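# Survey of secondary and tertiary structure
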Amino acid sequence: WLFTYADQAYTKRMRTVTKNARLALRMTDSQKASVELAAQVLGQTVTEFAVETLTDQAATVLADQPVFSVTAAEWDQFMAALEAPAEPPQGLVDLFARPSIFMP
């Protein structure tokens, strides 16, 4: 989904990205009228409005999922990062080295 989201942001700026995938939808007349009106209000074509809205919603749904699939190599890298000793940030070390303002 990150690629899709990044591609969407790129597409918004450049508008020259070749799009060859299609998606056909069936809806009621009132749903179609609402979509067309919303696109018109935003100054977009129905296609622009639909693609932007669908990809934004897809990114939101996917971001809320508690389970993501990873390859074995990605899992090993993740586990290695969890098991590696933590290094405190230098700013935190410096902060705790200073005398406390609450203790004389």
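Rules and cut-offs
Residues numbered from 1 in each chain as written. Predicted model: local features only at pLDDT ≥ 70, side-chain atom pairs only at ≥ 80, totals over all residues. Heavy atoms only, no water. Helix = DSSP H or I, 4+ residues; strand = E, 2+ residues; numbered from the N terminus. Areas by Shrake-Rupley, 256 points an atom, 1.4 Å probe, with all protein chains shown as cover. Salt bridge = Lys/Arg side-chain N within 4 Å of Asp/Glu carboxyl O. Buried < 20%, exposed > 50% of the residue type's maximum accessible area, 1.4 Å probe, protein only. Patch = residues over 30% accessible without salt bridge, like charges linked within 9 Å, V, L, I, M, F, W, Y side chains within 5 Å. Expected span 1.5 Å × (residues − 1). Phe/Tyr/Trp six-rings, centres within 6.5 Å; stacked < 30°, edge-to-face > 60°. Contact = heavy atoms within 4.5 Å.

### Observations concerning the overall build of the chain
Secondary structure summary: the chain contains 5 helices and 0 strands in total. Helices and strands appear in the chain in the N-to-C order α-α-α-α-α. Put simply, the chain shows about 9500 Å² of open surface, and 62% of that area lies on carbon and sulfur atoms.

### What about the pattern of salt bridges?
Tallying each qualifying case throughout the model produces 1 salt bridge. Its salt-bridge partner being Lys32, residue Glu36 comes within 2.7 Å of it at the nearest N-O pair. Linking Glu36 with Lys32, this pair stays in helix α2 (residues 29-41), spanning 4 residues, or about one helical turn. Judged by relative accessible area, Glu36 falls into the partly exposed class, the value being 33%. Taking relative accessible area as the criterion, Lys32 reaches 44% and is therefore assigned partly exposed.

### As for a nonpolar patch on the surface
On the surface, Leu23, Leu25, Met27 and Leu54 cluster together into a nonpolar patch covering about 410 Å² of accessible area. Tracing the backbone through its elements, the reader meets Met27 in the loop between α1 (2-14) and α2.

### What to know about α2
For α2, built from 13 residues, the straight-helix expectation of 18 Å at 1.5 Å per residue is met to within 8% by its first-to-last C-alpha distance of 18 Å. At the C-terminal side of α2, Gly43 shows a positive phi close to 70°.

### Topic: the packing of aromatic side chains
Centre-to-centre distance and the angle between the planes together describe a pair of aromatic rings. Taken as a whole and assessed by the stated rule, the structure comprises 1 aromatic pair. Aromatic side chains Trp75 and Phe78 sit 5.6 Å apart centroid to centroid with 45° between the ring planes, which places their arrangement in the tilted category. With Trp75 and Phe78 both in helix α4 (residues 72-83) and 3 residues apart, the pair spans about one turn of that helix.

### Focus: the side chain of Thr55
Within the secondary structure, Thr55 is located in helix α3 (residues 46-63). The class for Thr55 is buried, based on a relative accessible area of 18%.

### Thoughts on the environment of Ala50
In this structure, Ala50 sits in helix α3. Assessed through its relative accessible area of 22%, Ala50 is described here as partly exposed. A sequence separation of 12 residues divides Ala50 from Ala38, and the C-alpha atoms of the two residues are 9.8 Å apart.

### A word on the side chain of Gln44
Tracing the backbone through its elements, the reader meets Gln44 in the loop between α2 and α3. Among residues more than four places away in sequence, those in contact with Gln44 are Ala39, Phe49 and Glu52.

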